[in-house]
Structures are given as structure tokens and as C-alpha cells.
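Geometric and topological summary
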Amino acid sequence: MTRATLLVAMAAVAAFSMPTMAISGDAAREALQKRAAAGDTQAQVALGRALQDDGVPADKAAGTEWYRKAAMAGSAEGAWMLGSATMAGVGTARDVPAAIAWMRKSVGIDQNADHMAVLAVALLATGGAQKEALQWAQKAADKGSPKGMEVLAMARLSGEMGLPKDAALAEKLLTAAAQKGDGDAQLSLGQFYITGVFGRRDAVAGVRWLQAAADAGSAKAAGTLGYFLITGREGVPVDAARGVALARKAMAGNEMLGHYAMGVAYVTGAGIAENPAEGWYQISLAQRMDSQQQLKTAGDYLAKAAAKLSSAQLTELKVRVDADAPKVATAPAGS
């Protein structure tokens, strides 16, 4: 596992760092604004979130300034949100050193273990500070954070943070995180068992953990498991009907793998009536969503579908994909 793969695998650890905050009605917003203006740091953070989530571009900068007010007043949550916004360049210029400084200040105040794990990922992503990243990840894991356990597990698989590779320890750490109900750990554990990352394959355990993650709401887990059940790849027993149901669930969450699994089902007629046109469309749509070039077998399935389609049909399908691809690219993806 390369360093780049490690960072991709851990990206979900940081995804929860900027939660949404919906404020219903003008009266509620006005009341929140009054509390924030009076110095209530909780209200300042809540108002910042509401402003950044209301869909008005101009409000993002105002939201970040409310985080800054809360952070300057000593709020751990304000400091964390300011660090997250600064890291992402939301409402302010992206400034990684400043973002990390605010994150450090936040965890120094409230000792939030999950935030420590995110800080470890942020430090690792900068290309340096591996020793500090390890310290935060270990501290998070010691405090019982499944996110901290996940970061350490990935590091043990890749040899990151200066740690020797240890697949057995990585499996133990990921299992502990998964047993705590962490969906990202469940997803990773399922994938790793199926693909043999721990040095052996265990399709039964892999399916079980992927299903657990899908049941917890992970669209990616649903799409991943759907694909394996439809194709029977990596030794997973075929259950095409179940795979199609999971693929549909993933598609509802705008997950690339849901579209891909559904396309494969249509092309092969697994669990659903064969439909090469719809299969070609869904796989092509998934390719447009595949920013990391994960769909290595897409070309084979597209060729199989195209062999059963006329030139006119393919032209029409390409127009359809061109029209729909921007919609799925901008829609929020499932977890």
C-alpha cells in the first residue's frame, strides 16, 4: 500500500470534521445572530455553520469569521471549525500551516480523540511531521477513538509514520474500530478481507463487514458489496438479486460504484433483465465519476455492451451521458 493509497483510504476519517447546521426560519436565524453578537461562542459556531450551509456563496466568508470570533474567545469547537475551513479554503484563503495550528489549539482545549485522529491525517498529508502525526494518532487510539485506530491500522499496512509494516496488528486495530460501529473501518475491513490485504482472503468476513457498513448508511459499502455479489469476483459467492438491491441503494446515495455495479448487472443480465443500452449508460456515467481511475474492468463491459448496440444507439447514449454526468458530479455523494 503506497502513501497515496493510505491518504485516500484515510480521507473519510477527516470527512466528518465540518458538520452541517440547519437553522429553520428567519426568527431562529435572528435569535441565533443576537446570541452570537452577544459573545455566545456556541451560537457563533452554529451561525457560522448555518451561513456556510445555506447555499449562498457570499455567506461562506461570513461563516468563517464567526468561527474565528469563537476561536479567539477560546472555543475548542470554534478553533476546530476555523481550522477545518482554513484547511479546505472555505470562506478564507487556504492556509495549511494556519489550519493545523488551529486544529492543534482545538484538541489542546477539549482533548477530542476523533479530532486528534483527523489532525494526524492532516499532518501526514502535508508531507512531513510524521512523528507528530503518529503521536496524535496513538493518543486518539489510546483514548478509544475508532478513527485513531483506523489511522494506525492504515499506517501499519503502508509503513507510514515511520512504523514497520504489521498486517496482523492492522487487522486487530481495524477490527476494534469496526466493532465500535465505525462505518469507515467496517468498509475498509470488508474490502481488505475480500481482496487479501491482510495476507489471506476471507470472503465471508468481507461480505459481513461490507453489509454492516451498508446497513449503517455507507453508499460506498453498498456499491462495493453489490459489485462483488453481482460478479462473484475475489471468491465472493454470487447473489445477483441482493447485489442489484445494494447497487440501487448506492445509486440513491450518488455513489459511483452503485452506478458501475448496476451497469455490470444490466450488461451481464445478472439479477435483472439484460439491457446493454442501460448497462453502457450506467458504466459510462460511473467512469465520469471515477476521478481516481478505480474502474479497471469498465472497458471490457462497455465493449461487451457496445457489441449489441447500433451506432445510432451509442450516439444517443453518449448524448445522454454528457447531459447527466455534470449532475452526478455535483450532487453530494453518500458516505
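Residues numbered from 1 in each chain as written. Predicted model: local features only at pLDDT ≥ 70, side-chain atom pairs only at ≥ 80, totals over all residues. Heavy atoms only, no water.

Under an unreviewed UniProt entry, the name given to the chain is Sel1 repeat family protein, and the organism recorded is Dyella japonica A8.

This part covers the side chain of Arg 49. Among the secondary structure elements, Arg 49 is positioned in helix H3 (residues 41–52). Looking at Arg 49, its side chain comes within polar contact range of the side chain of Glu 77, at 2.4 Å. (Helix = DSSP H or I, 4+ residues; strand = E, 2+ residues; numbered from the N terminus. Polar contact = N/O pair within 3.5 Å; in protein donor to acceptor, adjacent residues only side chain to side chain.)

Quick look at the nonpolar core now. Membership of the largest hydrophobic core comes to 51 residues, with the highest contact counts inside it found for Met 161 and Phe 198. No other element matches helix H7 (residues 113–125), which puts nine residues into this core. Discounting chain neighbours no more than four positions away, the residues touching Phe 198 are Leu 157, Ala 167, Ala 170, Glu 171, Leu 174, Leu 189, Phe 192 and Tyr 193. Among the nonpolar cores identified, the runner-up in size contains 47 residues, and Ala 203, Val 244, Ala 286 and Leu 295 belong to it. (Core = buried A, V, L, I, M, F, W, Y, C linked by side-chain atoms within 4.5 Å. Buried < 20%, exposed > 50% of the residue type's maximum accessible area, 1.4 Å probe, protein only. Contact = heavy atoms within 4.5 Å.)

Examined against the element boundaries, Gly 206 turns out to sit in helix H12 (residues 203–215). You can call Gly 206 buried: its relative accessible area is 0%. When neighbours within four sequence positions are excluded, Gly 206 is seen to be in contact with Gly 190, Tyr 193 and Ile 194.

According to the stated counting rule, one finds 13 salt bridges in the structure shown. Each of Lys 147, Asp 182 and Asp 184 takes part in salt bridges that share partners, so that together they form one network. (Salt bridge = Lys/Arg side-chain N within 4 Å of Asp/Glu carboxyl O.)

Relative to the helices and strands, Glu 255 is located in the loop between helix H14 (240–252) and helix H15 (256–268). Buried and unpaired, Glu 255 has no salt bridge, with Lys 220 as the nearest side chain of opposite charge at 6.3 Å. Aside from chain neighbours lying at most four places away, what touches Glu 255 is Ala 219, Lys 220, Ala 250 and Met 289. (Lys, Arg positive; Asp, Glu negative; His and termini not counted.)

Its place among the elements puts Arg 242 in helix H14. Judged by its relative accessible area of 32%, Arg 242 falls in the partly exposed class. Put simply, Arg 242 and Thr 297 are 55 residues apart on the chain and 21 Å apart in space, counted from C-alpha to C-alpha. Setting aside chain neighbours within four positions, we find Arg 242 in contact with Val 207, Gln 211, Leu 225 and Leu 229.

Per the stated rule, a full pass over the model turns up five aromatic pairs. Between Phe 192 and Phe 198 the ring centres are 5.8 Å apart and the planes differ by 85°, which places this aromatic pair in the edge-to-face class. For Phe 192, a relative accessible area of 8% gives the class buried. Through a chain of ring-to-ring contacts, the aromatic side chains of Tyr 227, Phe 228, Tyr 260 and Tyr 301 assemble into a single cluster. Over the face of the ring belonging to Trp 66 we find Lys 69, whose NZ or CZ atom lies 5.7 Å from the ring centre. (Phe/Tyr/Trp six-rings, centres within 6.5 Å; stacked < 30°, edge-to-face > 60°. Lys NZ or Arg CZ within 6 Å of the ring centre and 35° of its normal.)

This part covers H12. Every α-helix winds through 3.6 residues per turn, so residues three or four apart in the chain are directed the same way. When the terminal C-alpha atoms of H12 are compared, their 18 Å separation across 13 residues agrees well with the 18 Å that a helix rising 1.5 Å per residue should span. Along H12, the residues that are buried comprise Ala 203, Ala 205, Gly 206, Val 207, Trp 209, Leu 210, Gln 211, Ala 213 and Ala 214. Check the buried side of H12 and you find it contacts helix H10 (167–179), helix H11 (183–195), helix H13 (219–231) and H14. Backbone geometry just downstream of H12 places Gly 217 in the positive-phi region, at approximately 110°. (Expected span 1.5 Å × (residues − 1).)

Now for unusual backbone geometry. Of note in the backbone geometry, Met 161 takes a positive phi value of approximately 60° without being a glycine. If you trace the backbone, Met 161 turns up in the loop between helix H9 (146–158) and H10. Its identity as a non-glycine residue notwithstanding, Asn 254 has a phi of 55°, on the positive side. The residue Asn 254 is located in the loop between H14 and H15 in this model.

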